[in-house]
Amino acid sequence: MKKQIVGFILFFGVALNLQAQRISHSLNSNWQFVKGEMTDKTQWEQVNLPHSWNTADVLDDEPGYYRGEAWYKRALYIPPSWKDKEVFLHFEGVAQVAEVYVNGKKAALHQGSYNAFVVPIKSLLNFNGSHNELKVMVNNSHNENIPPLTADFTFFGGIYRDVYLVATPLVHFNMDNYASSCIFVSTPKVNEQKASVNIKGSLVNNSLVNKKILLQIKVLNKEGKVVAKDARYFQSNNHSALNFEVDLQDIAKPNLWSPENPYLYQVVSTLVDVERNEILDELSTPLGLRWFNFDAEKGFFLNGKSYKLIGASRHQDGKGKANALSDDLHIRDVTLLKEMGANFLRVAHYPQDQAVLQACDRLGLLAAVEIPIVNQITESEAFAQNAKQMQVEMIRQNYNHPSIIIWAYMNEVLLRIKYNKDDPRRDGYIRKVVQLARELEGITRKEDPSRYTMMANHGDFELYHKAGLTQISQLLGWNLYQGWYSGTLDGFANFLDRHHKELPDKPLLVTEYGADVDPRLHTFSPQRFDKTGEYAAQYHETYLKVIMARAFVAGAAVWNLADFSSEGRAETMPHINNKGLMTIDRQPKAAYYFYQAHLLKKPFLKIADRLWTNRVGIAANENQLYCIQPVVVYTNQGKIVLEQNGKPIDTLSAVFGRVIFNVPFVHGENKLRVYALDIPQLNDVMSISFKLIVSNLKSKDFPFESLRVSLGDQRYYMDNEGEVWLPEQAYVPGSWGYIGGEVFATKGARQSYGSAKNIFNTDDDPLYATQRTGIEAFRLDVPIGQYEIGLLFAELLSSIKREELVYNLTTQASTEKAEFRSFDIEVNGKRIFENLGTNNYLEPEKAFVSKFKVMVNDQNGINIKFVPKMGTSILNALQIRKIY
């Protein structure tokens, strides 16, 4: 037992001086920053860490973002008393090349964005009380020798994680071990009756004299009680390092770490100067006692119990912050995943902040971590050495997290093979990939034989199997998107069954699956690549059923926990990958609640799409002033009751965690309440503002106010101001609609309508990315009055060449033939536009909107005619509102 007294501690009955222990504090404040080269005329900007210079330019309409050199600097104030200590800088993450200078002298070079590094700086410091200057040159330029080379995420630049100043006694636990703690704790034997613990490490004596050192190891439980301990003496020679290994046997009746009970012990390692009776250094390391194994037939087992690993992958960025996130934001993400009911996190595609895995340890999430060899490699020794350095850094820096069960090292590495199939260099390239994989596998098993190894491949089974890449790692991960990027939903089960048949001894995980969801888009006729939550619901239901029905599928990770930055993407929400279960600002989408319904053990009930707060629809007729639309509820209960504005509507039974209510929405506010019939107190409420439109625009009982229509589309769109746009319909006398034309579709595209391009000069890309071509007219049989009409256009055909993104699984550049077009627009016989076309306002891939007023003086309403002069006429969207 120990008793604290001022400046000392009673340690086994001996009072020890505490003054000599290591000191560590952050250096996140008061930095100065400049983007570009540093000169005598540099105008510095004040910033704090974490910081990235790519928070804005990755979201603008100009293709690309700044990838280059930048500088950071700040003052260091070092106490004169530290002259008798060792002093270090600990950088948790700098993207991607860092050169560190202290007082004008180069202290270190580190390559790679995602691992920490430590810089010894004592020899460069002034200890006379004057300030020292720290400068860091950072460069995120593309470098053929540094992974990753390409990827479907943004390569932000900056000192985007914390920086610490660390001072240690001259005798200390080794700081020069790949930025690890230099204490490595493993559990050679664990069962329900007892556990053994192995501790390896090294200490350094940089003093001028030999030292007699006492090493104390204690294992503490949650209550601080010592459950195992060891003490041993070493004779440490001056200016030398000394390795040690300690085995602690038979911790009786251990509290086992698991997702349900993430019990953490602490291993406290202490160095004591025996002669001076002084604690020199002390480190605390988390310890989770558990054992696990993968079985190719039966899946994953933890502490002898079968678990299906279900969770998500996660990128380290957030809205408006790039990758410069605080610890609180990292922890929030892990907490949200745990609250979803998940038990697994794939930390992808690179090691992330220590706060992430610390949260996994505390909350009970099993984890896989990987280095960023993504899509392809460079056939150079420098690339291979950097990759191997990253693997060692990753393992040693994260070794002591009990949540980690998998080390991985390649993701879809054959997705972007550099050479065509008929190029003789192709086979040599693949052999280089295989060689590097084998080397990384060997390093990983040597560094940590207690955990499993894994590669994650894209869904070309034949390619990876023929190359030999299915035979190297202990586990295989497959990133599968049947029914999204290619194929049909049925192909998912077929792929898994093929793996199990041809590789019966190889455990597998589905390391990626997902479908994009732009939460502004909805449809009642979902189809592949429409970006709606309705299609994503079909997708996730299909995949989860298949995963849960196959014991040999050890686990699966949805791609992704939250939407994330991918600057090169276009589509409905440019620069964002929308496959997240949450938006980039962490608002849950419907799929998040779908997984809660299936994964949570406690009773759960939720109206699915919380973000679809505004709706619009057409009433059947003037005598039925309501519009029936579906509302989805996710639950793990049986029968669910729906009330609307206080009145009971229906009671339905859940099927695979889902209930679909057909709700008769009325104009105005619709307050929905659902509750479980067997647990009435389990309920959820949501208010939906509904705009009802009657087909008869001249209805006296329901006067016309406004209308918004998206052409060439069968989706509802809620714009950034909360207004909802209806999908198009053909003209019906007495109502409204288009006359003539056809839906625009991009040749060879996955979606059956519209364009996947980034439409410039707008944030409402979905309105401009679909259109009706060859349209003859748009009629609105509105009553007498004054109206404002807005016509929305975008020229979707363009000769601009754009390189296909890596996830499109093709190496061909995107090309198409631009069309010259010119047409007049007449409104009730009056020409509003003459020769509107590609030689004036209709610039390729740019939004153009024009508003004008129309006076209707008779019963003929509004007739907008499109008269082609050259090529075909187009219309992307239309809005109209009555003024008087």
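The structure this text deals with has already been given above.
Values in this document were obtained by computation on a predicted structure and should not be read as measured data.

(A) Quick peek at the overall build of the protein chain. Within the protein chain, the regular secondary structure consists of nine helices and 61 strands. The C-alpha radius of gyration computed for the protein chain amounts to 31 Å, which stays within 12% of the reference 29 Å derived for 884 residues, consistent with globular compactness. If you line up the protein chain on its principal axes, its C-alpha atoms span 105 × 70 × 60 Å. Buried residues in the protein chain amount to 59% of all 884 residues. Within the protein chain, residue pairs in contact and separated by at least 24 positions form 71% of the contacts whose partners lie at least 6 positions apart. If you sum the accessible surface of the protein chain, you get close to 35400 Å²; carbon and sulfur atoms cover 48% of it. Side-chain charges in the protein chain split into 97 positive and 98 negative, and the spacing between the mean points of these groups amounts to 3 Å.

(B) Focus on the environment of Ala-654. Counting through the fold element by element, Ala-654 comes out in the loop between strand S42 (647–653) and strand S43 (658–665). Owing to a relative accessible area of 25%, Ala-654 belongs among the partly exposed residues under this scheme. Each C-alpha atom, one on Ala-654 and one on Lys-639, is 6.2 Å from the other, the two residues being 15 residues apart in sequence. Those residues in contact with Ala-654 that sit more than four places away from it in its chain are Thr-635, Gln-637, Gly-638 and Val-659.

(C) Spatial organisation of the side chain of Glu-512. Turning to its location among the elements, Glu-512 is positioned in strand S33 (residues 508–512). Looking at Glu-512, the relative accessible area reads 4%, which means it is buried. At a separation of 3.2 Å, a polar atom in the side chain of Glu-512 contacts the side chain of Asn-479. Contacts of Glu-512, omitting those with residues within four sequence positions, involve Arg-346, His-349, Asn-411, Glu-412, Trp-478, Asn-479, Leu-480, Tyr-481, Ala-557 and Trp-559.

(D) Representation of helix H2 (residues 354–363) within the structure. Among all positions of H2, only Ala-355, Val-356, Leu-357, Ala-359, Cys-360 and Asp-361 are buried. Taken from the residues just after H2, Gly-364 is the one with a positive phi, measuring 90°.

(E) Highlighting the sheet that holds strand S15 (residues 163–168). The strand order across the open sheet built from four strands is S4-S15-S8-S12, with neighbouring strands paired in antiparallel fashion. The sheet is open, and its two edges are formed by strand S4 (23–26) and strand S12 (117–120), each paired on a single side. Strand-to-strand twist across the sheet, computed as the mean angle between neighbouring axes with direction ignored, equals 20°. The sheet contact formed by strand S8 (residues 86–91) and S15 spans six bridges and is antiparallel. In the strand pairing of S15, Phe-88 is matched with Val-166.

(F) Structural view of the pattern of salt bridges. Enumeration according to the criterion identifies 44 salt bridges in this entry. The partner of Arg-346 in a salt bridge is Glu-512, with the nearest N and O atoms 3.2 Å apart. Note that Arg-346 is positioned in strand S28 (residues 344–347) and Glu-512 in strand S33, a separation of 166 residues in sequence. With its nearest N and O atoms 3.3 Å apart, the salt bridge here joins Glu-843 to Lys-846. Given a relative accessible area of 37%, Glu-843 falls into the partly exposed group. Within the structure, one salt-bridge network assembled from shared partners comprises Asp-152, Asp-516, Lys-531, Arg-569, Glu-571 and Lys-579.

(G) Examining the environment of Ile-430 more closely. Among the secondary structure elements, Ile-430 is positioned in helix H4 (residues 425–447). Here Ile-430 falls in the buried class, since its relative accessible area comes to 12%. Placed 294 residues apart in sequence, Ile-430 and Val-724 show a C-alpha to C-alpha distance of 50 Å. Apart from residues no more than four positions distant in its own chain, Ile-430 is found in contact with Leu-414, Ile-417 and Ala-467.

(H) Here's a closer look at the nonpolar core. Core analysis: the biggest nonpolar cluster contains 114 residues, and Ile-373, Met-410, Val-413, Leu-414 and Leu-469 have the highest contact counts within it. Excluding its chain neighbours within four sequence positions, the residues that come into contact with Ile-373 are Pro-147, Phe-383, Ala-387, Tyr-409, Met-410, Asn-411, Val-413, Leu-436 and Leu-440. Grouped together as the second largest cluster of nonpolar side chains are 38 residues, Leu-697, Ile-775, Ile-825 and Val-856 included.

(I) Seen up close, the pairing of strand S13 (residues 132–139). Of all eight residues making up S13, six are buried, and the element is well covered by its neighbours. Relative to S13, strand S7 (residues 69–76) runs antiparallel, the two being bridged by eight bridges. Considered in S13, the bridge of Leu-76 is made with Asn-132. In this sheet, S13 lies alongside strand S10 (residues 97–102) in antiparallel orientation, the contact comprising six bridges. Across the sheet, Val-97 pairs through a bridge with Asn-139, a residue of S13.

(J) Expanded view of the environment of Ser-186. Tracing the backbone shows Ser-186 in strand S17 (residues 183–190). Judged by its relative accessible area of 17%, Ser-186 is buried. When the C-alpha positions of Ser-186 and Ala-367 are compared, they lie 16 Å apart, and in sequence the two are 181 residues distant. Excluding residues within four positions of it along the chain, Ser-186 makes contact with Ser-196, Val-197, Asn-198 and Tyr-399.

(K) Inspection of the packing of aromatic side chains at higher detail. Enumeration according to the criterion identifies 45 aromatic pairs in this entry. Arranged with centres 6.3 Å apart and planes meeting at 35°, the rings of Phe-292 and Phe-300 form a pair that is tilted. Its relative accessible area of 0% is what places Phe-300 among the buried residues. Pairing Tyr-464 with Trp-478 gives two aromatic rings, centres 6.1 Å apart and planes at 85°, and the pair type is edge-to-face. Here Trp-478 lies in strand S32 (residues 475–479) and Tyr-464 lies in helix H5 (residues 461–467), a separation of 14 residues in the sequence. In terms of burial, Tyr-464 and Trp-478 fall into one category: buried. Through pairs of rings, three or more aromatic residues link up here, namely Phe-793, Phe-823, Phe-833, Tyr-841, Phe-848 and Phe-866. Lying over the aromatic face of Tyr-233, Lys-212 brings its terminal NZ or CZ to 5.1 Å of the ring centre.

(L) Expanded view of the packing of helix H6 (residues 490–502) against helix H7 (residues 533–549). Their axes nearest at 9 Å, the elements H6 and H7 cross at an angle of 25°. Relative to H7, the element H6 lies roughly parallel. In this structure, H6 crosses over H7, and the sense of that crossing is right-handed. Residues Phe-492, Ala-493 and Leu-496 of H6 pack against Tyr-543, Val-546 and Ile-547 of H7.

(M) Broad picture of the packing of helix H3 (residues 381–398) against H4. Close contact between H3 and H4 brings their axes to 10 Å; oriented N to C, the two are set at 25°. By the angle between their axes, H3 is roughly parallel relative to H4. As H3 runs across H4, the sense of the crossing is right-handed. Contact residues: Phe-383, Ala-384, Ala-387, Lys-388, Gln-391, Val-392, Ile-395 and Arg-396 in H3; Leu-436, Glu-439, Leu-440, Ile-443, Thr-444 and Glu-447 in H4. In terms of residue class, the contact of H3 with H4 is built from eight nonpolar, two polar and four charged.

(N) Up close: the sheet that holds strand S57 (residues 830–837). Pairing within the open sheet is antiparallel, and its five strands lie in the order S49-S52-S59-S56-S57. A strand with exactly one partner marks an edge of an open sheet, and here the two such strands are strand S49 (736–739) and S57. Across the sheet, the mean angle from the axis of one strand to that of its neighbour is 15°, orientation sign disregarded. Sheet topology note: the strand S56 (residues 822–827)/S57 ladder contains five bridges and is antiparallel. By the bridge assignment for S57, Ile-825 is matched with Phe-833.

(O) Structural detail: helix H8 (residues 590–599). By the criterion of burial, H8 is predominantly enclosed, with nine of the 10 residues buried. For H8, the complete set of buried residues consists of Ala-590, Ala-591, Tyr-592, Tyr-593, Phe-594, Tyr-595, Gln-596, Ala-597 and Leu-599. The elements touched by buried residues of H8 are strand S27 (309–314), helix H1 (327–339), H7, strand S35 (553–558), strand S38 (605–607) and strand S40 (627–635).

The rules behind each value
- Residues numbered from 1 in each chain as written.
- Predicted model: local features only at pLDDT ≥ 70, side-chain atom pairs only at ≥ 80, totals over all residues.
- Heavy atoms only, no water.
- Helix = DSSP H or I, 4+ residues; strand = E, 2+ residues; numbered from the N terminus.
- Rg over C-alpha atoms; globule rule 2.2 N^0.38 Å.
- Buried < 20%, exposed > 50% of the residue type's maximum accessible area, 1.4 Å probe, protein only.
- Contact = heavy atoms within 4.5 Å.
- Areas by Shrake-Rupley, 256 points an atom, 1.4 Å probe, with all protein chains shown as cover.
- Lys, Arg positive; Asp, Glu negative; His and termini not counted.
- Charge placed at Lys NZ, Arg CZ, Asp CG, Glu CD.
- Polar contact = N/O pair within 3.5 Å; in protein donor to acceptor, adjacent residues only side chain to side chain.
- Pairing = 2+ DSSP bridges.
- Axes fitted to C-alpha atoms, helices over the stretch in contact; angles between N-to-C directions.
- Salt bridge = Lys/Arg side-chain N within 4 Å of Asp/Glu carboxyl O.
- Core = buried A, V, L, I, M, F, W, Y, C linked by side-chain atoms within 4.5 Å.
- Phe/Tyr/Trp six-rings, centres within 6.5 Å; stacked < 30°, edge-to-face > 60°.
- Lys NZ or Arg CZ within 6 Å of the ring centre and 35° of its normal.
- Parallel < 35°, antiparallel > 145°, perpendicular 65-115°, else oblique.
- Left-handed = near helix turned anticlockwise from the far one by under 90°.
- Nonpolar A, V, L, I, M, F, W, Y, C, P; charged D, E, K, R; others polar.

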